[in-house]
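# Commentary on secondary and tertiary structure
For reference, the chains in residue letters:
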Amino acid sequence: MKKFFDVKSINGIKTDFLSATEKTSDAEIKNFISDTFWLFVVADVESVKLAKKIETLANCLVTNIFSCLAADELKIIELEKNFGTVIILPEDKISETNFEKNKLVSEIITMSVNLIQDICSEQTALCGLDFFEIQDLMKNSGRAYIGIGEGFGENAPSKAIKNALKFPLMMDIKNTKGILVDFVGGIEDINMIEIHEAINFVEENAHEDSEILWQVNAVEEINNDLIKSLVIATKF
């Protein structure tokens, strides 16, 4: 079977895809990832060689998303040794979510892209981060786990966080040294006191030395008291 990669790059607020195979030239890959801030390499665990070549050619923040049939600790450890940052998507765990595999990967990338877009936009970031803060947290951070959650109504941020931390692909954060949290909601639905309560919950459950970065973004498209959260936990 011919293996392929979907490579996602974030150039400011512009996003592009490239499907690569073993025959894709270094020049084509370099041209695609030039001026990229954050590169996502999406592959299966049988295509490690090409993924490593792409990461080696990239001079930016790289997050590798590998799918596999089930969480194989030996394979995960091997991936950790060879890659800077690795998110593992075991298909047996994906089946426990509300996403199909391709849609889950798309949601992860979309929310990450939105995070970077919000960093670049003073109009949406109520409490923002600098991209280089994210880069310092995420670069060469080893194994990473991701959680996606939603909350409605009163204390929606805490509900969203708790659902993200219970997401089937997330691990217990008590041993993690790095956590990135992004909240997204309607401008009229975001309550900063409730946001701080949600972050306090993360701090109480994370390692005492954990670095926690968080951002709040307001968008017109979200309403009905809905708050979404994205949590990436790393540096285990």
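Everything that follows concerns the structure shown earlier in this document.
First, a word on scope: everything that follows refers to the structure included in this document.

Analysis parameters
Residues numbered from 1 in each chain as written. Predicted model: local features only at pLDDT ≥ 70, side-chain atom pairs only at ≥ 80, totals over all residues. Heavy atoms only, no water. Helix = DSSP H or I, 4+ residues; strand = E, 2+ residues; numbered from the N terminus. Buried < 20%, exposed > 50% of the residue type's maximum accessible area, 1.4 Å probe, protein only. Contact = heavy atoms within 4.5 Å. Polar contact = N/O pair within 3.5 Å; in protein donor to acceptor, adjacent residues only side chain to side chain. Patch = residues over 30% accessible without salt bridge, like charges linked within 9 Å, V, L, I, M, F, W, Y side chains within 5 Å. Areas by Shrake-Rupley, 256 points an atom, 1.4 Å probe, with all protein chains shown as cover. Salt bridge = Lys/Arg side-chain N within 4 Å of Asp/Glu carboxyl O. Lys, Arg positive; Asp, Glu negative; His and termini not counted. Charge placed at Lys NZ, Arg CZ, Asp CG, Glu CD. Expected span 1.5 Å × (residues − 1). Arc of directions from axis to C-beta. Axes fitted to C-alpha atoms, helices over the stretch in contact; angles between N-to-C directions. Parallel < 35°, antiparallel > 145°, perpendicular 65-115°, else oblique. Left-handed = near helix turned anticlockwise from the far one by under 90°. Phe/Tyr/Trp six-rings, centres within 6.5 Å; stacked < 30°, edge-to-face > 60°. Lys NZ or Arg CZ within 6 Å of the ring centre and 35° of its normal.

Further remarks concern the environment of Asp225. Along the chain, Asp225 falls in the loop between β9 (211-218) and β10 (226-234). Note on Asp225: relative accessible area 42%, which makes it partly exposed. Along the primary structure Asp225 and Glu188 are separated by 37 residues, whereas in three dimensions their C-alpha atoms are 8.3 Å apart. Among residues more than four places away in sequence, those in contact with Asp225 are Gly151, Phe152, Gly153, Ala156 and Asp189.

Looking at the element boundaries, Arg143 is found in strand β7 (residues 142-152). A distance of 2.8 Å separates the side chain of Arg143 from the side chain of Glu80, its partner in a polar contact. One polar contact links Arg143 to Tyr145, side chain to side chain, over a distance of 3.0 Å. Setting aside chain neighbours within four positions, we find Arg143 in contact with Glu73, Ile76, Ile77, Glu80, Val86, Ala233, Thr234, Lys235 and Phe236.

The grouping of Asp130, Glu133, Asp136 and Glu211 at the surface amounts to a negative patch. Within the element layout of this structure, Glu133 appears in helix α6 (residues 131-138). Residue Glu133 is classed as partly exposed on the basis of its relative accessible area, which comes to 34%.

What follows is about helix α8 (residues 192-205). A rise of 1.5 Å per residue sets the reference length of α8, with its 14 residues, at 20 Å; its end C-alpha atoms lie 20 Å apart and thus fit the reference within 8%. Those residues of α8 not exposed but buried are Glu194, Ile195, Ala198, Ile199 and Val202. Each buried residue of α8 sits inside an arc of 140° when the element is viewed along its axis, so together they form one side. α8 presents Ile193 and Glu204 as exposed residues on the side facing more than 90 degrees away from its buried surface. Where α8 is buried, its residues touch α7 (156-165), β8 (178-185) and β9. Its side-chain oxygen 2.9 Å from the backbone nitrogen of Ile193, Asn191 forms the N-cap of α8.

A word on the side chain of Thr176. Structurally, Thr176 can be placed in the loop between α7 and β8. Since its relative accessible area comes to 0%, Thr176 is described here as buried. Of the polar contacts made by the side chain of Thr176, one reaches the backbone oxygen of Thr234; its length is 2.3 Å. Dropping the residues within four chain positions of it, Thr176 is found in contact with His207, Ser210, Ala233, Thr234, Lys235 and Phe236.

Orientation of α7 relative to α8, taken along the N-to-C sense of each, is 30°, at an axis distance of 7 Å. By the angle class used here, α7 and α8 are roughly parallel. When the axes of α7 and α8 are compared, the crossing they make is right-handed. Together, Ala156, Pro157, Ser158, Ile161, Lys162 and Leu165 of α7 and Glu194, Ile195, Glu197, Ala198, Phe201 and Val202 of α8 make up the contact between the two elements.

Let us look at the packing of aromatic side chains. Counted under the stated rule, the structure contains four aromatic pairs. Ring geometry for Trp38 versus Phe40: centroids 5.1 Å apart, planes at 25°, classification stacked. Taken as a pair, Trp38 and Phe40 share a single burial class, namely buried. The cationic tip of Lys52 hangs over the ring face of Phe83; the distance from NZ or CZ to the ring centre is 5.5 Å. For the cation-ring pair, Lys162 lies above Phe201, with the distance from its terminal atom to the ring centre recorded as 5.1 Å.

Moving on, we get to the environment of Asp35. Tracing the chain through its elements places Asp35 in the loop between α1 (26-33) and β3 (38-44). A relative accessible area of 68% means that Asp35 is categorised as exposed. Each C-alpha atom, one on Asp35 and one on Asn59, is 8.7 Å from the other, the two residues being 24 residues apart in sequence.

Keep in mind these values describe shape, not function.
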